[in-house]
Structure formats: C-alpha cells, structure tokens
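Listed below, chain by chain, are the residues.
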Amino acid sequence: MEFFKFSKTFNFMGKSKFSMILSIVLVLGSFVLLATKGLNYGVDFAGGTIVQVKYNTAAPIDEMREKLKSNTIFEGASITEFGSEDEVVIRMRTATGDVVVDVGDITREALMGTGEFEIRRVDIVGPKVGSELKEKGIMSLILAVMGILIYVAFRFEWRFAVASIVALVHDVSIALGAIALVGLEVNLDVLAALLTILGYSLNDTIIVFDRIREGVVKGRDVELAEIIDNSITKTLARTTLTSLTTLFVVFTLFMFGGEIIHAFAFTLLVGIVVGTYSSIFVASPTLLLFGFDVKKYHVKLAEKAKREAEKERMRSQFESGIM
C-alpha cells in the first residue's frame with residue numbers, strides 16, 4: 001500500500017466516546033429487535049419441507065399459489081424464485097415426511113395445468129433435526145468465539161483478547177438485528193455468513209493490534225491513545241481498499257446472485273460494514289477502557305527478557321559442564 005498513504009495521523013480516539021455510544025445504541029437496538037420481533041427461522045432450523053420445481057418457461061407463481069391453496073399440506077407455504085425465473089422453491093414449515101404418498105407426487109398433482117415442469121428436489125427436515133441443527137449452529141459460534149479468545153490472548157495479551165471479543169459480539173449482534181429487522185429467513189447459509197463475519201472482523205482487528213503492539217514496544221513514554229491513532233492511520237489504507245473491494249463483490253452477489261444466496265450476501269454486507277467499523281472504533285478504544293498501560297507492558301517485557309536471558313545462561317552453563 002505504499003502508493004496509498006495518509007500524510008497525517010487521524011484523531012480516532014478523540015471520537016471514541018461518540019463511536020462507543022453509537023455502538024451501544026446499535027447493539028441494544030439489535031437485542032430489542034431479537035427479543036420482540038425474533039428471528040425468522042427457515043426450514044433448516046425450524047423443520048419443514050422444500051420442493052424445487054423447474055418449468056420450461058417462466059414459472060407462473062401467482063397461479064401456483066392458487067393451485068396449492070386447495071391442499072391443506074401447502075397451507076402457509078411460500079413460493080420464491082430460485083436463481084432464475086423458470087425455477088422456484090416451495091417452502092413449507094411443517095414436515096410432511098409422515099405422509100404416505102410422496103410429497104413430490106402431491107406437488108406434481110397440485111400443480112397440474114400450470115405448465116410443463118419437473119420436480120427437481122424434495123428435502124424434508126423434521127422438527128427434531130432442525131432443533132439439533134440450531135443447537136449445533138449456536139455451539140459453533142460459541143466455540144469459534146472461545147477459540148478466538150484463546151488465540152488472541154496467547155498472541156497478544158488478555159486485554160487485547162477481551163477487546164477483540166467485544167468487537168466480535170458487536171458485529172454479530174448488529175448483523176442478527178439487521179436480519180430480524182428485515183425478516184430475513186435464517187438458514188445454514190446465514191450461519192455460514194455469521195462465521196465468515198467472525199473471521200473477517202478478526203482479521204481486520206489483528207492487523208490493527210499488530211501495529212499497536214509494534215508502537216507500544218517502540219514507544220515507552222508515548223500515550224496509548226496516540227499509539228492507537230498512529231496504528232489505525234497506518235493500516236487505514238489497507239483496511240479501506242480491502243473492505244471496499246470485498247463490499248463491491250458481495251454487493252454484486254446480493255443484487256444479481258438470485259434468491260439462492262440472497263440471505264448469505266445480505267448478512268455479509270452488514271457484517272463487512274460493521275466489522276470494518278468495529279476494528280477501528282470498538283476494538284481499539286476498548287483497550288483504553290480496560291486500562292492497558294504502556295509503561296507496565298514494558299516492565300513486563302523487560303522481566304520476560306530477563307527470564308529468557310537467565311534460562312539461556314543456565315543452558316550454556318549446563319552444556320559447558322559448569323553445572
């Protein structure tokens with residue numbers, strides 16, 4: 001990024017109070033949405049049946065809805081395009097695996113007279129399986145966060161680990177709040193997007209933390225806020241270019257990718273924006289809130305270097321036969 005540098009250091013920490021208040025408001029708003037409106041769990045988690053139908057021409061969705069109303073099995077079913085206008089997916093919240101006649105045959109009979117079509121796929125997820133998938137999905141998020149906590153604590157210091165987890169909780173909470181706000185169907189694709197957000201946001205945060213650590217090691221008498229401002233400014237070009245290019249690709253998928261990846265792309269769009277924001281305005285200011293002290297860190301480094309030197313001295317004496 002040598003060709004794209006900022007000539008001055010920006011005062012990010014001067015805006016930290018406002019940014020933290022904004023983040024708290026957004027996270028609390030997300031919690032309120034999740035508590036009141038809740039998530040719209042799809043077939044993957046709530047259980048149900050998916051039937052994929054392919055027509056020779058554009059699918060007559062309105063006519064299909066009228067036809068399906070005549071059968072109680074399809075009560076409350078949703079019909080959406082699946083990648084193209086000639087292919088649709090019928091989603092039913094109740095699993096029909098206990099029906100004696102194959103659900104594909106029932107669908108074929110119900111749609112008679114709507115044109116030439118074929119049943120390409122029938123997936124049935126029982127309520128128990130859906131519940132297990134939901135539990136495992138939540139567990140995967142928790143394990144991912146715990147793994148990140150251990151990794152960052154080992155690589156940096158516990159305050160850095162806590163700051164990174166605060167940023168990740170911030171990102172996932174707002175992403176879930178946005179999903180609840182628009183009523184997006186939560187399925188395995190959304191879960192994959194949330195896990196991707198964790199990785200993307202952590203990557204941004206680690207790059208900033210690396211620079212902060214370098215600044216802390218080099219400047220004993222420099223204030224932490226100044227080190228953070230310098231570190232974020234140095235990585236800002238990389239962060240801006242990476243986020244914009246990724247955002248452009250995901251936005252293209254969201255606009256033109258079709259129904260099949262709509263939920264995945266929307267979740268990533270929100271996640272990229274809040275993830276980039278949190279690595280600058282949430283993770284770094286959290287270090288200040290937890291009282292990270294540059295001078296104490298240098299004392300800690302000096303003690304560590306002293307212990308390493310003592311170990312090396314004893315090893316040398318042992319190898320020389322002195323001990």
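Please read these numbers as outputs of a predicted model, since none were measured by experiment.

## As for the overall build of the protein chain
Looking only at helices and strands, one finds eleven helices and six strands in the protein chain. The buried share among the 323 residues of the protein chain stands at 41%. Within the protein chain, residue pairs in contact and separated by at least 24 positions form 80% of the contacts whose partners lie at least 6 positions apart. Accessible surface for the protein chain amounts to roughly 17,800 Å². Of this, 62% is attributable to carbon and sulfur atoms.

## Here we look at the side chain of Ser 243
Summarising the element assignment, Ser 243 is placed in helix H8 (residues 224-256). Overall, Ser 243 belongs to the buried group, its relative accessible area being 9%. Of note is the side chain of Ser 243, whose polar atom sits 2.8 Å from the backbone oxygen of Thr 239.

## Quick notes on the side chain of Thr 114
The residue Thr 114 is located in the loop between helix H4 (103-110) and strand S5 (117-125) in this model. For Thr 114, a relative accessible area of 8% translates into the label buried. A distance of 2.7 Å separates a polar atom in the side chain of Thr 114 from a polar atom in the side chain of Tyr 55. Within polar-contact distance, the side chain of Thr 114 engages the backbone oxygen of Leu 111 at 2.6 Å. Sequence-distant contacts of Thr 114, defined by excluding residues within four places in its chain, comprise Tyr 55, Pro 60, Glu 63 and Lys 67.

## Observations concerning the nonpolar core
Within the largest apolar cluster, 54 residues are counted, with the highest numbers of intra-cluster contacts made by Val 152, Leu 194, Phe 209 and Ile 212. When residues of this core are traced back to their parent elements, those giving at least two are helix H5 (127-155), helix H6 (158-182), helix H7 (188-218), H8, helix H9 (262-281) and helix H10 (283-289). Per-element tally for this core: the top contributor is H7, with 13 residues. Among residues more than four places away in sequence, those in contact with Val 152 are Glu 157, Phe 160, Ala 161, Ser 164, Leu 202 and Ile 206. Counting 19 residues, the second-largest nonpolar core is a separate cluster that includes Val 51, Phe 74, Ile 90 and Leu 111.

## Remarks on the environment of Phe 10
In this fold, Phe 10 is placed in the segment before helix H1 (16-36). Each residue touching Phe 10, except ones within four places of it in the same chain, is listed here: Asp 229, Thr 233 and Leu 236.

## Topic: the packing of aromatic side chains
The tally for this structure, following the rule as stated, stands at three aromatic pairs. Ring centres of Tyr 55 and Phe 117 lie 5.3 Å apart, and the angle between their planes is 45°; on these two criteria the pair is classed as tilted. Residue Tyr 55 is located in strand S2 (residues 48-55), and its partner Phe 117 is located in strand S5; the two are separated by 62 residues in the primary sequence. Accessibility expressed as a relative area gives 1% for Tyr 55, which makes it buried. Ring plane angle 35° and centroid distance 5.2 Å describe the contact between Tyr 277 and Phe 281, whose orientation is recorded as tilted. Highlighted residues: Tyr 277 and Phe 281, both in helix H9, separated by four residues, approximately one helical turn.

Criteria and thresholds
Residues numbered from 1 in each chain as written. Predicted model: local features only at pLDDT ≥ 70, side-chain atom pairs only at ≥ 80, totals over all residues. Heavy atoms only, no water. Helix = DSSP H or I, 4+ residues; strand = E, 2+ residues; numbered from the N terminus. Buried < 20%, exposed > 50% of the residue type's maximum accessible area, 1.4 Å probe, protein only. Contact = heavy atoms within 4.5 Å. Areas by Shrake-Rupley, 256 points an atom, 1.4 Å probe, with all protein chains shown as cover. Polar contact = N/O pair within 3.5 Å; in protein donor to acceptor, adjacent residues only side chain to side chain. Core = buried A, V, L, I, M, F, W, Y, C linked by side-chain atoms within 4.5 Å. Phe/Tyr/Trp six-rings, centres within 6.5 Å; stacked < 30°, edge-to-face > 60°.

Interpretation note: all reported values are geometric properties and have no functional meaning in isolation.
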